[in-house]
Amino acid sequence: MTTADYAVTVEGLNKHFGAHHAVKNLSMQIRQGEIFGFLGPNGSGKTTSIRMMCGLLTPDSGSGTCLGYDIIRQRAEVKRRVGYMTQRFSYWEDLSIRENLDFVARLYQVPNRKAVVDETLEELQLTSRAKQLAGSLSGGWKQRLALAASLLHKPKLLLLDEPTAGVDPTARRIFWEELHQLAAKGISILVSTHYMDEAERCHRLAYISYGELLCQGTSAEMIQQRQLTTWQITGRHLVQLNRTLEACPGVEQVVAFGTALHVSGTQAELLRDTVEQHATREGYDAKIIDTSLEDVFINLMKTSEGAFN
Amino acid sequence: MRYFNLSRWWSIVLKEFLQIRRDRLTLGMIGALPIIQLTLFGFAINTDPKHLKTDIVLAEQSEFTRSFISALRNTGYFDIEDALSSQSEADAALASGRAQFVISFPNGFSAQLLKDQKPKVLVEVDATDPTTTANALSALNKVAQSALKRDLNHVVHVVDSNSPYSYELMIHKRYNPEGITQYNIIPGLMGVILSMTMVMMTSLSITRERERGTLENLLAMPVEALEVISGKIIPYIIVGLIQCTTILLFAKLLFRVPFEGNMLTVYAVSLLLILANLMVGITISALARNQLQAMQMTFFYFLPSILLSGFMFPFFGMPKWAQIIGNVLPLTHFNRVIRGILLKGNGWVEIFPNVWPIMLFALTVMLLGVFFYKNTMD
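Residues numbered from 1 in each chain as written. Chains lettered and ligands numbered in written order. Predicted model: local features only at pLDDT ≥ 70, side-chain atom pairs only at ≥ 80, totals over all residues. Heavy atoms only, no water.

Caption draft 1: Summary view of the overall build of chain B. The number of helices and strands found in chain B is 16 helices and five strands. In summary, chain B has a C-alpha radius of gyration of 27 Å against a globular reference of 21 Å for 378 residues, an excess of more than 25%. Considered along the principal axes of its C-alpha atoms, chain B spans approximately 95 × 55 × 40 Å. Relative to all contacts within chain B whose residues are 6 or more apart in sequence, the contacts with residues 24 or more apart total 81%. For chain B, the computed accessible surface area is about 18,400 Å², with 64% contributed by carbon and sulfur atoms. A distance of 10 Å separates the average location of the 31 positive side-chain charges in chain B from that of its 27 negative side-chain charges. (Helix = DSSP H or I, 4+ residues; strand = E, 2+ residues; numbered from the N terminus. Rg over C-alpha atoms; globule rule 2.2 N^0.38 Å. Contact = heavy atoms within 4.5 Å. Areas by Shrake-Rupley, 256 points an atom, 1.4 Å probe, with all protein chains shown as cover. Lys, Arg positive; Asp, Glu negative; His and termini not counted. Charge placed at Lys NZ, Arg CZ, Asp CG, Glu CD.)

Caption draft 2: Representation of the overall build of chain A within the structure. If you tally the helices and strands in chain A, you get eleven helices and 14 strands. Principal-axis analysis of the C-alpha atoms gives chain A an extent of 70 × 45 × 35 Å. Looking at chain A as a whole, 51% of its 309 residues qualify as buried. Counting only contacts in chain A whose residues sit at least 6 apart along the sequence, the fraction spanning at least 24 positions is 68%. In the structure as shown, chain A presents an accessible area of about 14,400 Å², 48% of it carried by carbon and sulfur atoms. (Buried < 20%, exposed > 50% of the residue type's maximum accessible area, 1.4 Å probe, protein only.)

Caption draft 3: Spatial organisation of the UniProt feature "domain: ABC transporter" (unreviewed entry) in chain A. Those places that UniProt annotates as "domain: ABC transporter" (unreviewed entry) correspond, in this numbering, to residues 8–235 of chain A. The span residues 8–235 of chain A carries 35% helix and 30% strand; its end-to-end C-alpha distance comes to 48 Å. (UniProt positions renumbered as here; feature names shortened; annotations may be inferred.)

Caption draft 4: The sheet that holds strand S13 (residues 260–265) of chain A, seen in detail. Residues and elements named next belong to chain A. Spatially, four strands are ordered S12-S13-S11-S14 in an open sheet, and the strand pairing comes out antiparallel. Edge strands, defined here as strands with exactly one partner in the open sheet, are strand S12 (253–257) and strand S14 (285–289). The mean angle between the axes of side-by-side strands here comes to 25°, regardless of whether they run parallel or antiparallel. Contacts from helix H9 (residues 238–246) reach strand S11 (229–234), S12 and S13, with the element oriented near 10° to S13. Across the sheet, helix H10 (residues 268–280) touches S11, S13 and S14, and the angle it forms with S11 is around 5°. (Pairing = 2+ DSSP bridges. Axes fitted to C-alpha atoms, helices over the stretch in contact; angles between N-to-C directions.)

Caption draft 5: Summary view of helix H13 (residues 291–308) of chain B. All names here are of chain B. A rise of 1.5 Å per residue sets the reference length of H13, with its 18 residues, at 26 Å; its end C-alpha atoms lie 26 Å apart and thus fit the reference within 8%. Here H13 has its buried residues at Gln293, Ala294, Gln296, Met297, Thr298, Tyr301, Phe302, Pro304, Ser305, Ile306, Leu307 and Leu308. Sitting at the amino-terminal end of H13 is Asn290, which places a side-chain oxygen 3.2 Å from the backbone nitrogen of Leu292. (Expected span 1.5 Å × (residues − 1). Polar contact = N/O pair within 3.5 Å; in protein donor to acceptor, adjacent residues only side chain to side chain.)

Caption draft 6: Local environment of the sheet that holds strand S1 (residues 52–58) of chain B. Residues and elements named next belong to chain B. With mixed pairing, the five strands of this open sheet are ordered in space as S2-S1-S3-S4-S5. In the strand order of this sheet, the two ends are held by strand S2 (78–84) and strand S5 (168–174), each with one partner. Between one strand axis and the next, the sheet turns by 25° as a mean value, whatever way the strands run. Where helix H3 (residues 63–75) meets the sheet, it contacts S1, S2, strand S3 (101–105) and S5, and its direction lies at approximately 145° from that of S2. The sheet contacts of helix H4 (residues 87–96) involve S1, S2, S3, strand S4 (120–126) and S5, and relative to S4 the element is tilted by about 25°.

Caption draft 7: Looking closely at the packing of aromatic side chains. Within this structure, the stated rule accounts for eleven aromatic pairs over all chains. Arranged with centres 5.3 Å apart and planes meeting at 85°, the rings of Phe68(B) and Phe105(B) form a pair that is edge-to-face. Of this pair, Phe68(B) sits in helix H3 while Phe105(B) is found in strand S3, placing the two residues 37 residues apart along the sequence. Overall, Phe105(B) belongs to the buried group, its relative accessible area being 3%. Grouped by ring-pair contacts, the aromatic residues Phe89(A), Tyr91(A), Trp92(A) and Phe103(A) constitute a single cluster. The residue whose ring lies beneath Lys50(B) is Tyr77(B), and the NZ or CZ to ring-centre distance is 5.2 Å. (Phe/Tyr/Trp six-rings, centres within 6.5 Å; stacked < 30°, edge-to-face > 60°. Lys NZ or Arg CZ within 6 Å of the ring centre and 35° of its normal.)

Caption draft 8: Representation of the interface of chain B and chain A in the model. In this complex, chain B contributes 18 residues to the contact, which on the side of chain A involves 21 residues. For the pairing of chain B and chain A, the buried interface totals around 1,800 Å² over both sides, and the portion due to carbon and sulfur atoms is 55%. One can count two salt bridges joining chain B with chain A. The salt bridge involving Arg51(A) is made with Glu216(B); its shortest N-O contact spans 2.9 Å. The interface formed by chain B and chain A holds eight residue pairs in polar contact (both at pLDDT 80 or more) in total. (Buried area = accessible area lost by both parts, 1.4 Å probe. Salt bridge = Lys/Arg side-chain N within 4 Å of Asp/Glu carboxyl O.)

Caption draft 9: View of the domain arrangement of chain A. When cut into domains, chain A gives domain 1 (3–223) and domain 2 (229–290). The C-alpha centroid of domain 2 of chain A is placed 39 Å from the C-alpha centroid of domain 1 of chain A. (Domains from an automatic or database assignment.)

Caption draft 10: Seen up close, unusual backbone geometry. Although it is not a glycine, Gln227(A) sits at a positive phi angle of roughly 50°. Residue placement: Gln227(A) occurs in the loop between helix H8 (219–226) and S11. Residue His51(B) is not a glycine yet carries a positive backbone phi of 55°. Structurally, His51(B) is set in the loop between helix H2 (24–44) and S1.

Caption draft 11: The UniProt feature "transmembrane region" (unreviewed entry) in chain B, seen in detail. Residue and element names in this part refer to chain B. Those places that UniProt annotates as "transmembrane region" (unreviewed entry) correspond, in this numbering, to residues 25–45, 185–206, 233–255, 267–287, 299–317 and 355–373. Between the C-alpha atoms that bound residues 233–255 there is a distance of 31 Å. The span itself is 91% helix and 0% strand. The span residues 299–317 carries 53% helix and 0% strand; its end-to-end C-alpha distance comes to 23 Å.

Caption draft 12: Structural context of a nonpolar patch on the surface. Residue and element names in this part refer to chain B. A grouping of Tyr3, Phe4, Leu6, Trp9, Trp10 and Leu14 is seen on the molecular surface, where their side chains present a nonpolar patch of about 710 Å² in accessible area. Along the chain, the position of Trp10 falls in helix H1 (residues 6–22). Classification of Trp10 by relative accessible area gives partly exposed; the value is 43%. (Patch = residues over 30% accessible without salt bridge, like charges linked within 9 Å, V, L, I, M, F, W, Y side chains within 5 Å.)

Caption draft 13: Highlighting the pattern of salt bridges. All names here are of chain A. This model, assessed by the stated rule, comprises 20 salt bridges over all chains. The salt bridge partner of Arg81 is Glu77, with a shortest N-O separation of 2.8 Å. Within this pair, Arg81 and its partner Glu77 are both found in helix H2 (residues 75–81), separated by four residues, close to a single helical turn. Here Arg173 ties to Glu177 by a salt bridge, and the two come within 3.1 Å at their closest N and O atoms. Of this pair, Arg173 and Glu177 both sit in helix H6 (residues 169–184), separated by four residues, roughly a single helical turn. Through salt bridges with shared partners, a single network forms among Glu77, Arg80 and Arg81.

Structure representation (C-alpha cells):
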C-alpha cells in the first residue's frame, strides 16, 4: 500500500503534559474507507491521539499526515477536510438546531448552504424541531446532531471520540448503521469506544494503554495474536471458585460473565490441569470456548497494568 | 438533626476550601488585591490636588509681579509653567487642558498699583472639573490679600494703608461658570459605563466557550484567531454605541449638560474607547481559564480605570507615578476628550493629544489578545 491509500498515517507521535507522558511513540495507519476502532481504558491517550491527528494538539515529536496533509504544518488544510466529533457534546446549547447547523456550514463555506442545512434536517428528521434549542435535545439526539454537523462539509475522514458514551442501545445501533453507510461511501472513520459490540463492528482495531499502542489488526487477528485459551465454567458458588482460580498456575484472568466464568491463559496445558483440578473434579461444568474480543481486551488491560504498576 | 448536620455542613466547608486552594489565580487575588489596591489608591488618591498647571500672561515684569508669582508658588497649588505672550495663547492652553489656570497681568500693572488705581488681574480657570480647582481658588484669594502688602509697605506713602488690597482679582471660570459638578461627572460616567460593560461582556465570551466545551469544537474548525477575536466583538460594538446614545440623551435632556462640540467627533471617540475596552475584554477572555477568573481580571482593570483616570478624584492631585499609570488607561484620555468636546467645544486638533494614546492602547492590547489566543488546545 502507498501512503495515498491511507486516510491517516502517524509515525512515532509523542505528547507530554508536564511530567505525564500521555502518548508514547504512537504509529498507526487508517485505510481509506475503513472503520477503525480505537480502544483502551480511560486516560490511556485516545483523546490526545485523536486531537493530534486533527490539528488540535501539537505533538512533541513524531510526524503524520491526515488525508495527505501534514498534521503539524498543514493544520488549516487538515481542519478543512476532517470531521471531528468531541467526546462531550460541544455544539452551542443556546443556539437552535438549525442555527447550529447554519453556523457550521457557514464556517466551512459549504456551497448551497441553505439547501444543505435543509437536507440535513430532513435526514435527521428534525425539520419540525429545527427551532428547538440544541441544549433541550436528549443524549441520543444530541449525538446524531453532532454527527450530522460534523458531516456538513462532506469530510473524507471522520474522527469520533467516544461518540456513543451514555447513549441508549437503540440509538447506538442506529448510529452504527449510519457509520457503516458512510464507510460504504468511502469515508474513513476513526472511532474510539469502550463498548465491545462496537469494537466488533469495526473493520480494524487498535488497543492503547498508558499511551502505548499494544496491539492492532482485525478482531480475528487480535484474538489470534494473544494466543489465549479460554475455558467457560458454570455451576454453583462461582464467586468462591473465582477467587481460588485467580491464584492458580496458568490462569491469567478470571472474568465473571453472568452465570459463567471465563478463565483464560496463554499456557494451554497448565490451564487445562488447573481447570481439571479445581473445577471439573469439584463438580463444575467446564469447556473450552473461542476466546472473545472482550477476553483479549481484558487480557491486554491486565498485562499492561502489570507492566506499569 | 434533620435540618442542620454538623458533619454534612463541615463536608461542604472543606470542599469549598479545597476548591479555592486549587484555583491559584483566585488565591493570588485574595492575597495581592488588597495590598495592590491599598498602596495604589491609598497613596494616589488626593482630593486636594496641588501643583496645578498655571500659565502667566505678563505684559510687563516688575518687582510686584515677581513677588505675586512667587507667593502663588509658595501656596503649593500652582505650578507656574509658561509665560505666554497673548490672550489667544491663553485660550489655547485652557482649551487643550495644558493649563488649568491662566493669570494675566495687565499692561501698566505696577504703575496703576502705585497710583492706587486698583489694577485688574485676570484669573481664568478651567472649571470643567470644579473639585480640582476649588481649593486652589480659595488659596488664590488669600494670596491676593497678603502677597503685595510687604512690597507695598516700602512705598507706603503712596498707598492708602486702609484699603484691604490695592488691586482687583477678576476670576473668570471658563466652560462651566456655575461650577456644576454634574457637567463634569456625566460625561465622565459615559466612559466609566462603557468601560465596565464592554470589558465585562467580552471577557466572558471565550471563557464561556472554554467552560462549556464548545471551544474544542470551534478550534477543530477551520477558523483563525483574528476571525474569532474580531468576530466576537462586532455585536458588542453595536451594544456600546446604543449605550453611548442612551447616556448622551440623558446627559442632554435630564442633566442639561452643554453640548458645545461636534456630535460626530463624540461618536468617533466613543467608538475608539469601545474598541479599546473590547480588546481588553477579549484578551482577558483568552487568558482566563474560567468565568470567575475573567470577572476578577475585569475588576483588576476596572478599578484603576475608575480611581486613577481623573473620573472620581482629581488627576493632577495624584503623585507622578500614579499619573503615569493613569495615562496608560484609555478612560483617562477619554474623560479629557469627552469633556473637551462637550464642555469646551474642542475639535480634532485640541483632542488629538488624548486620542492617539487610546489608539495605541487598543492596538497593543489587540496584538496581545491575538498572541494569547491559541488556535490549538496545547
